[in-house]
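# Inside the fold
What follows is each chain in one-letter form.
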Amino acid sequence: MRHSVALPAAALLALMLGDAPATADPNIVFMMADDLGWNDVGYHGSEIQTPHVDSIAQQGVQLDRYYAAPLCSPTRAAFLTGRNPLRLGVDRPVEVTGGLPLSETLLPEMLREAGYQTAIAGKWHLGMGHVMYHPQNRGFGSAYGHLGPAVDYWTHIWTGGLDWHRDGKVLEEEGYSTELIGAEAERVIRERDAAKPLFLYVAFNAPHAPIQPLEEDLIRHEAIENPNRRAYAAVVGAMDRAVGRILAALDAEGMTGNTLVVWCSDNGGAPRMGADNTPLRGGKGGAFEGGIRVPATAWQPGAVEGGGKVTQMVTAADWLATILEAAGVSQAEGLELDGISMWPALAERKSVERTEPYVIGVFRNMAVIDGDWKYVEAEPRGGGQLASHLFRLDRDPEETTDLGPEHPDRLSAMAAYLNKFPRAPTVSPDIVSPGRARRGRAAPGQARRGGPPGRGGGNVDGWKEVTRPPWMETARVD
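Residues numbered from 1 in each chain as written. Predicted model: local features only at pLDDT ≥ 70, side-chain atom pairs only at ≥ 80, totals over all residues. Heavy atoms only, no water.

### Here we look at the overall build of the chain
For the chain, the helix and strand inventory stands at 13 helices and 16 strands. Buried residues in the chain amount to 60% of all 478 residues. Long-range contacts, defined here as pairs at least 24 residues apart, represent 70% of the contacts in the chain between residues at least 6 apart. Total accessible area on the chain stands at roughly 18600 Å², and carbon and sulfur atoms take up 49% of it. (Helix = DSSP H or I, 4+ residues; strand = E, 2+ residues; numbered from the N terminus. Buried < 20%, exposed > 50% of the residue type's maximum accessible area, 1.4 Å probe, protein only. Contact = heavy atoms within 4.5 Å. Areas by Shrake-Rupley, 256 points an atom, 1.4 Å probe, with all protein chains shown as cover.)

Set out below in structure tokens:
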């Protein structure tokens, strides 16, 4: 817990003006993209222009070996709990049944207890069938967006039901989801309680399918010849623009000087949707690098800056301990974490020792990373017996050479470690897969049917037909 300290008048004035002393409790703005690949940001050399995300990397630091889980819910669980999601039973998308275990104390709960104002804008995806799992009951003072895995960018429908809410109440609202989420983040910043530091979690649904770009963004990316890639790039462009508005809001409120800004992706991109994980192998859902090593960057003036790279491994589970240290908040007594604080690496470029191998995976695609060595168990395309692989990431980050035959003892040892790793039963066995949802294909890069006049274009239609009540309305309360 942080202790309250009376500040002198000069320090209080500096805090109000955004030129806060280094000891002041920092604001935390944590932004997460959805299904964005390694080669989908400008600062990685992509043809997709992301100037606002790039500005965070240029002023702050790039996390060059940042690892998320292969799918959305496990990464979000790791971020909010500081624990390996496999221990929690979050080994797949959390949808209609179950949720992030209530036994876990989440990051916003800890920060709220320490005096922070807490808010989430965007995607939750950690439990929707019962209100006890909803964000407004897990430490967020305000909550806005959608509960499930994806929504139509315009109708905000997912598999037949409206999935859009504010603070636990169904919200019927017109607008493009990326812009609405960005606007909500701006509103929270403008209307915050200035007497408290702010923790704001901005979880964009972009560029998750359905790929539904704005027409003006398609025009901006017309130089990209592949229509799938062009539509995807346009969706990413809208998200980057929202990031820019959030950064501008921090500037306008005099908060930039005392705010830790983090931006990252929740998993690797899906190439069939237009994403590009080059030069990494694989993509979303898999345990090869393209599914789990994703873009991430952080910036805090005076603390995390300089435009360099943090080359040591950082994981989604490290954020809780890292943010608590950055905020000067002590961890709760008895709190068990798998993540470690990477604050010394971010702020001082000091090496942080990781004493245990890290396990990452979902379903039948798993990996163990131990220093430069990586063991992968992968399900072959179309199913079948699992295939085991061993790589040296320092020499072969593209995972082109399987070293298992040359190092059978290491292969066996890492396989045994994975086999013994404690995994809880899945919390959400019933998945309403987007692949089974009522969606129609549109020609790549063409306007989607039913879209607002002058808008649209994409490679997948969204959900337009309402066949059930809003998801928030039917969530259990008993």
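### So, helix α6 (residues 177–190)
Counted at 1.5 Å a residue, the expected span for α6 with its 14 residues is 20 Å, and the 20 Å between its end C-alpha atoms agrees. For α6, every residue scored as buried is listed here: Ser177, Thr178, Leu180, Ile181, Gly182, Glu184, Ala185, Glu186, Val188 and Ile189. Considering only its buried residues, α6 is in contact with β3 (117–123), β4 (142–146), β7 (165–166), β9 (198–203) and α8 (227–252). (Expected span 1.5 Å × (residues − 1).)

### Structural notes on the sheet that holds strand β2 (residues 61–67)
Strand-to-strand pairing in sheets goes through backbone hydrogen bonds, with the strands running parallel or antiparallel. Reading across from one edge, β8-β7-β4-β3-β9-β1-β10-β11-β2-β12 is the order of the 10 strands in this open sheet, with mixed pairing throughout. In this open sheet, the two strands that pair with only one neighbour each are β8 (169–170) and β12 (308–315). Of the strand pairs in this sheet, β2 and strand β11 (residues 296–299) are connected by 2 bridges, and their pairing is antiparallel. Directly across from Gln62, in β11, lies its bridge partner Thr297. Strands in contact with α6 are β3, β4, β7 and β9; relative to β9, the strand with the most contacts, it is inclined by about 175°. (Pairing = 2+ DSSP bridges. Axes fitted to C-alpha atoms, helices over the stretch in contact; angles between N-to-C directions.)

### With respect to the packing of aromatic side chains
Here the distance between the centres and the angle between the planes together describe a pair of aromatic rings. Evaluated as defined, the whole model comprises 13 aromatic pairs. For the ring pair Phe140 and Phe199, a centre distance of 6.2 Å and an interplane angle of 20° mean the geometry is stacked. Taken as a pair, Phe140 in the loop between β3 and β4 and Phe199 in strand β9 lie far apart in primary sequence, 59 residues in all. Overall, the relative accessible area of 1% leaves Phe140 in the buried class. (Phe/Tyr/Trp six-rings, centres within 6.5 Å; stacked < 30°, edge-to-face > 60°.)

### So, the nonpolar core
One finds Phe30, Met31, Phe79, Phe199 and Trp263 to be the most contacted residues of the largest nonpolar core, which totals 125 residues. Per-element accounting of this core gives the leading share, 14 residues, to α8. Here Phe30 is in contact with Phe79, Phe199, Leu200, Tyr201, Val202, Val262, Cys264, Trp319 and Ile323, once residues within four sequence places are set aside. Within the second largest apolar cluster, 12 residues are counted, among which are Val368, Tyr375, Leu390 and Ala415. (Core = buried A, V, L, I, M, F, W, Y, C linked by side-chain atoms within 4.5 Å.)

### Digging into the pairing of β11
Both faces of β11 are covered, namely the face carrying Ala296 and Ala298 and the face carrying Thr297 and Trp299. Examined bridge by bridge, strand β10 (residues 259–265) and β11 share 4 bridges and lie antiparallel to one another. Bridge pairing in β11 places Val262 opposite Ala298.

### Points about the environment of Leu280
Counting through the fold element by element, Leu280 comes out in the loop between β10 and α9 (289–292). Using a relative accessible area of 11% as the deciding quantity, one classes Leu280 as buried. Along the chain, Leu280 and Gly291 lie 11 residues apart, while their C-alpha atoms are 8.5 Å from each other.

### Concerning the packing of helix α2 (residues 51–59) against α8
For the pair α2 and α8, interaxial distance at closest approach is 7 Å and the crossing angle is 55°. Relative to α8, the element α2 is oriented oblique. The segment α2 lies against α8, with Pro51, His52, Val53, Ser55 and Ile56 engaging Asp240, Arg241, Val243, Gly244 and Leu247. Considered class by class, the residues forming the contact of α2 with α8 number 5 nonpolar, 3 polar and 2 charged. (Parallel < 35°, antiparallel > 145°, perpendicular 65-115°, else oblique. Nonpolar A, V, L, I, M, F, W, Y, C, P; charged D, E, K, R; others polar.)

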